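Structure assessment
The residues making up each chain are set out below.
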Number of protein chains: 2
Amino acid sequence: MPQQTKVDVALSCPVPIAATESILLGHGSGGRMSAKLLREILLPALQNPVLDRLNDQAIVDVGGSRIAFTTDTFVVKPLFFPGGDIGTLAVNGTVNDLAMGGAKPLFLSLALILEEGLPIDTLRRVMESIRVASALAGVVVVTGDTKVVEKGSGDGLFVNTSGIGLVSSGVRLSVDRACPGDLVLLSGTIGDHGITILSQREGLEFESAVHSDTAALHGLVAEMLRASGAIHCLRDPTRGGLSSSLNEIAERSNVSIELQECAIPIRDEVQGACEMLGLDPLYVANEGKLVAVVEPAAAESILEAMHQHPLGREAKIIGSVTDSHRGMVTLRTRLGTSRIVDLLSGDQLPRIC
Amino acid sequence: MPQQTKVDVALSCPVPIAATESILLGHGSGGRMSAKLLREILLPALQNPVLDRLNDQAIVDVGGSRIAFTTDTFVVKPLFFPGGDIGTLAVNGTVNDLAMGGAKPLFLSLALILEEGLPIDTLRRVMESIRVASALAGVVVVTGDTKVVEKGSGDGLFVNTSGIGLVSSGVRLSVDRACPGDLVLLSGTIGDHGITILSQREGLEFESAVHSDTAALHGLVAEMLRASGAIHCLRDPTRGGLSSSLNEIAERSNVSIELQECAIPIRDEVQGACEMLGLDPLYVANEGKLVAVVEPAAAESILEAMHQHPLGREAKIIGSVTDSHRGMVTLRTRLGTSRIVDLLSGDQLPRIC
């Protein structure tokens, strides 16, 4: 029988953030500390029904159309890494946040914070990546802003992209729509982006090269939506990894998600690096993967559509939604035991995106 | 007779930015160096008809509606100053960029870059300002992002806001629409914001307190548009001051703008501070003022509408559009001489917004 782990009540009711505290790196982790900052400091000031839904994008009515609107800042370090750079991430990341709402991404804004002393050539290379990534994704950068801060007040280059897209009237994807009985699909291997960044930072070398999976997922999403209307939520598991995305779905939908460890695709070199570094791949960032919660009857046809798309070839059913431990994610391990997959407490990998 | 200044041809055809150069503070000034960076490095990568228009906002068709879309990052130092803080600026600045396109501002995104060690209380105060400013402007923050960087890799808090708004079908405002014969209107005094920031930074005290003019201008714009459809361009003269906004209009519209120095409203304490610090108020940033280029026959009725609005009480006609020195702004001084009001070469006041 799988071992049943008890919920740690103390962890789910943490002490409130005191006014005398300061920001820690963990507040940017995408895990528990990020969630706490969001709930105690940021959301109370902004409270409104759209924001409170906590999707990766807002879907609002503008002039009778359903517009998806999202923003993301990129502070990745280093700026360039195998498979991409901060510019590629900035385009694909925002395109993906729109895509996870089922939107057709249309327009991006681009806001740069340059640190005095940044080589012009670095900026030119990043701009070229932005050009290529936008063209590949079929989006147009239509507005922008550039600020410069003194040497020592920034870190080379920070990039913000915001994006708008159009959502078809039939599409209704939201993090609070998972239902018991639904199945959980993952589009491919996990951990590639995070391990790539970390290996660059630490100067690690692996036998086979790892590279970031950064990619624009809206084409894959379009194929999935064409295959079936029975998709309830989509998320791209970036900061905080698969665990954060699934915990958010479990909490917002008030359901439990049970994962099968043996079903989660992971590259050998990523698995090896995680073991060496003491990291759990479930918490490592991805930049070109999506997780979908779908009605069971439609799962096979959606999976088939994913397999036809270059970014979904390795898609798998990795788990199911139940009502047994509402708000929680559990993992059935290869050994047949079960463990809770909690939100990350602190910060495993700062500045991963 | 007014003295006629010759155009410095060398200044208008500067040496291209070399790949071996680095970013300087002046690249963020909103003046000549910013324009050069934009034209040589940023725009070539992104080239498209909407962006190339170089308005403060893009106006794009989404689902049959005319949507205004804009982005702005705020790196102001200090974070708090008389009249506002980085949060107030971030809301009003983006609302104003939408308003200058004649849009009704609707939704904002909010993206924060927090430096490790930022006091939670500082963040809370800024969030409260964002709440108040959004409520006053009638806009809703519907999506957001938070990143944390290590101590020494940021400077407390940087804030990006992007915004979307709806443009009525009849409205057509653009920086390239000024025509010879048009009149130039200014909504109030210049230099208040820049001098406030500078006096905080330098620890200067003036007899009467100066404070930032940060304000949301869309209500004023709505009144102006109600009064007349004969408005050709609107700009809010922020970074680089009145001179930058007017130079952009002159260049993009291929017209000359002739200002009357005696007509430009300026507070005594701002004028005094500028003299003391050796600053030209035409280059000092504003955060709650607009400049309008309008058909001469409609100028009086637009001015009257402005005077009825709290943010336009001191509005004046400050100059006219001619075809004598295309692409240039000139100033008829109090002494009756005429001088060129050029784009700022370097950076007069870094991190003013």
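Keep in mind the model is a prediction, meaning the values are calculated, not measured. (Residues numbered from 1 in each chain as written. Chains lettered and ligands numbered in written order. Predicted model: local features only at pLDDT ≥ 70, side-chain atom pairs only at ≥ 80, totals over all residues. Heavy atoms only, no water.)

1. A look at unusual backbone geometry
All names here are of chain A. The omega torsion across Lys77 and Pro78 is 0°, close enough to zero to call that bond cis. Within the secondary structure, Pro78 is located in the loop between β2 (65-74) and β3 (80-81). Of note in this structure, Leu54 is not a glycine but carries a positive phi near 55°. Relative to the helices and strands, Leu54 resides in the loop between α3 (49-52) and β1 (58-62). (Helix = DSSP H or I, 4+ residues; strand = E, 2+ residues; numbered from the N terminus.)

2. Thoughts on the interface of chain A and chain B
Counting residues at the interface gives 80 residues for chain A and 80 residues for chain B. Summed over the three residues of chain A that lose the most area to chain B, namely Ile23, Phe69 and Ile120 of chain A, the buried surface amounts to 11% of that side. There are eight salt bridges connecting chain A and chain B. Breaking the side of chain A that touches chain B down by element, the ones donating at least two residues are α2 (32-46), α3, β1, β2, β5 (103-115), α5 (120-137), β6 (140-149) and β7 (157-167) of chain A. (Contact = heavy atoms within 4.5 Å. Buried area = accessible area lost by both parts, 1.4 Å probe. Salt bridge = Lys/Arg side-chain N within 4 Å of Asp/Glu carboxyl O.)

3. Focus on the sheet that holds strand β8 (residues 183-186) of chain A
Strands pair in a sheet through their backbones, by hydrogen bonds, and they do so in one of two ways: parallel or antiparallel. Residue and element names in this part refer to chain A. Taken in spatial order, the seven strands of this open sheet run β9-β11-β8-β12-β10-β13-β14, and their pairing is mixed. With partners counted over all chains shown, the strands left at the sheet margins are β9 (231-235) and β14 (338-340), one partner each. Within the sheet, the average angular offset between the axes of one strand and its neighbour, ignoring direction, is 25°. For β9 and strand β11 (residues 291-294), the ladder comprises four bridges, and the chain directions are antiparallel. The partner of Arg235 across the bridge, within β11, is Val291. (Pairing = 2+ DSSP bridges. Axes fitted to C-alpha atoms, helices over the stretch in contact; angles between N-to-C directions.)

4. Some remarks on the pattern of salt bridges
Residue and element names in this part refer to chain B. Considering all chains together, one arrives at 32 salt bridges over all chains under this definition. Residues Asp342 and Arg32 are paired through a salt bridge, measuring 2.7 Å at the closest nitrogen-oxygen approach. Of this pair, Asp342 sits in the segment after β14 (338-340) while Arg32 sits in helix α2 (residues 32-46), and the two are 310 residues apart along the sequence. In this structure, the salt-bridge partner of Arg226 is Glu223, at a minimum N-O distance of 3.0 Å. With Arg226 and Glu223 both in helix α7 (residues 218-227), this residue pair falls three residues apart, about one helical turn.

5. Examining the confidence of the model for chain A
On average, residues of chain A score 93 in pLDDT, and 95% of them reach the 70 mark or higher. Counting interchain partners and residues more than four positions distant, the pLDDT-below-50 stretch residues 1-13 of chain A has 17 contacts. (pLDDT = per-residue confidence, 0-100.)

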